[in-house]
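Chain by chain, the residues:
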Amino acid sequence: MTTLTRRSLLGLSLAAPALMLSAQSALAKEPETYAENGVAIDGSDAVAYFDGNGPVAGSAAHSVTWKGAEWRFASAENAAKFKADPMAYAPQFGGYCAFAASRGYLAPTTPEAWTIYEGKLYLNANLRARELWLQDVPGNIAKGEANWPGILG
């Protein structure tokens, strides 16, 4: 039977932070873009949101690969717009739930729970999360942006 002494306990306590750091770095990093089966926004056309149409189904025939995901569009014109300036059309927080980001964690999204605020697209996990998001959009954006660098790991 092994007995822990003060010296061995002190050694373990000093080693614990280093072990935790190495364990964290060994964990897989979350993808920068939320994409189910490699397809962003569940295949919805990101550009169509800005036309006021909400979620419009895109097609694999009109797709662009960007940030590790396939982005689908309803037309070649929309695919070209996105390809020319993806940052103008891609949802904020990598397409993850904006409300969850404001609370410091990642959550998947649904294309129907969306908001365009000050020219940027924000998606939420569901309509209830969108309701909560809409209660303080500027505050939630500020919190999400503050949390974002540490969320992906």
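I will try to describe carefully the structure that is included in this document. What you see is a predicted model, and the numbers here were worked out from it, not measured in a lab. (Residues numbered from 1 in each chain as written. Predicted model: local features only at pLDDT ≥ 70, side-chain atom pairs only at ≥ 80, totals over all residues. Heavy atoms only, no water.)

## Some details on the overall build of the chain
The helix and strand inventory of the chain stands at 7 helices and 6 strands. Listing the helices and strands of the chain from first to last along the sequence gives α-β-β-α-β-β-α-α-α-β-β-α-α. Counting only residues that meet the buried cut, the chain has 36% of its 153 residues in that class. When the accessible area of the chain is evaluated, it comes to approximately 8,900 Å², of which 56% is carbon and sulfur surface. (Helix = DSSP H or I, 4+ residues; strand = E, 2+ residues; numbered from the N terminus. Buried < 20%, exposed > 50% of the residue type's maximum accessible area, 1.4 Å probe, protein only. Areas by Shrake-Rupley, 256 points an atom, 1.4 Å probe, with all protein chains shown as cover.)

## A look at the packing of aromatic side chains
Throughout the structure, instances matching the rule amount to 11 aromatic pairs. A centroid spacing of 5.5 Å and a plane angle of 65° characterise the contact between Phe93 and Trp148, whose relative ring orientation is edge-to-face. Highlighted residues: Phe93 in the loop between helix H4 (86-89) and helix H5 (98-103) and Trp148 in helix H7 (residues 137-151), separated in sequence by 55 residues. Phe93 sits in the buried class, given a relative accessible area of 8%. A connected cluster of aromatic rings, assembled from ring pairs, spans Tyr34, Phe93, Tyr96, Tyr122, Trp133 and Trp148. (Phe/Tyr/Trp six-rings, centres within 6.5 Å; stacked < 30°, edge-to-face > 60°.)

## Here we look at the environment of Ser75
Mapped onto the elements of the fold, Ser75 is located in the loop between strand S4 (69-73) and helix H3 (76-84). With 14 residues separating them along the chain, Ser75 and Ala61 place their C-alpha atoms 8.6 Å apart. Excluding residues that lie within four positions of it along the chain, Ser75 makes contacts with Asp45 and His62. (Contact = heavy atoms within 4.5 Å.)

## As for H3
Buried within H3 we find Asn78, Ala79 and Phe82. Seen along its axis, H3 keeps its buried residues to an arc of 100°; they face one direction. What points out from H3, more than 90 degrees from its buried face, is the exposed set Glu77, Lys83 and Ala84. Considering only its buried residues, H3 is in contact with helix H2 (46-50), strand S3 (59-66), S4 and H4. (Arc of directions from axis to C-beta.)

## So, the packing of helix H6 (residues 127-134) against H7
The contact between H6 and H7 brings their axes to 7 Å, and the two run at 100°. Taken together, H6 and H7 sit at an angle that is classed as roughly perpendicular. Two secondary-structure elements touch here, H6 through Leu132, Trp133 and Leu134 and H7 through Val137, Asn140 and Ile141. Taken together, the residues that form the contact of H6 with H7 break down as 5 nonpolar, 1 polar and no charged. (Axes fitted to C-alpha atoms, helices over the stretch in contact; angles between N-to-C directions. Parallel < 35°, antiparallel > 145°, perpendicular 65-115°, else oblique. Nonpolar A, V, L, I, M, F, W, Y, C, P; charged D, E, K, R; others polar.)

## Remarks on the pattern of salt bridges
Side chains bearing opposite charge may pair, as long as their charged atoms lie close to each other. This model, assessed by the stated rule, comprises 4 salt bridges. For Glu32, the salt bridge is made with Lys67, and the minimal N-O distance between the two is 2.8 Å. Of this pair, Glu32 sits in the loop between helix H1 (6-26) and strand S1 (35-36) while Lys67 sits in the loop between S3 and S4, and the two are 35 residues apart along the sequence. The closest approach of N and O atoms between Glu131 and Arg128, which form a salt bridge, is 3.1 Å. (Salt bridge = Lys/Arg side-chain N within 4 Å of Asp/Glu carboxyl O.)

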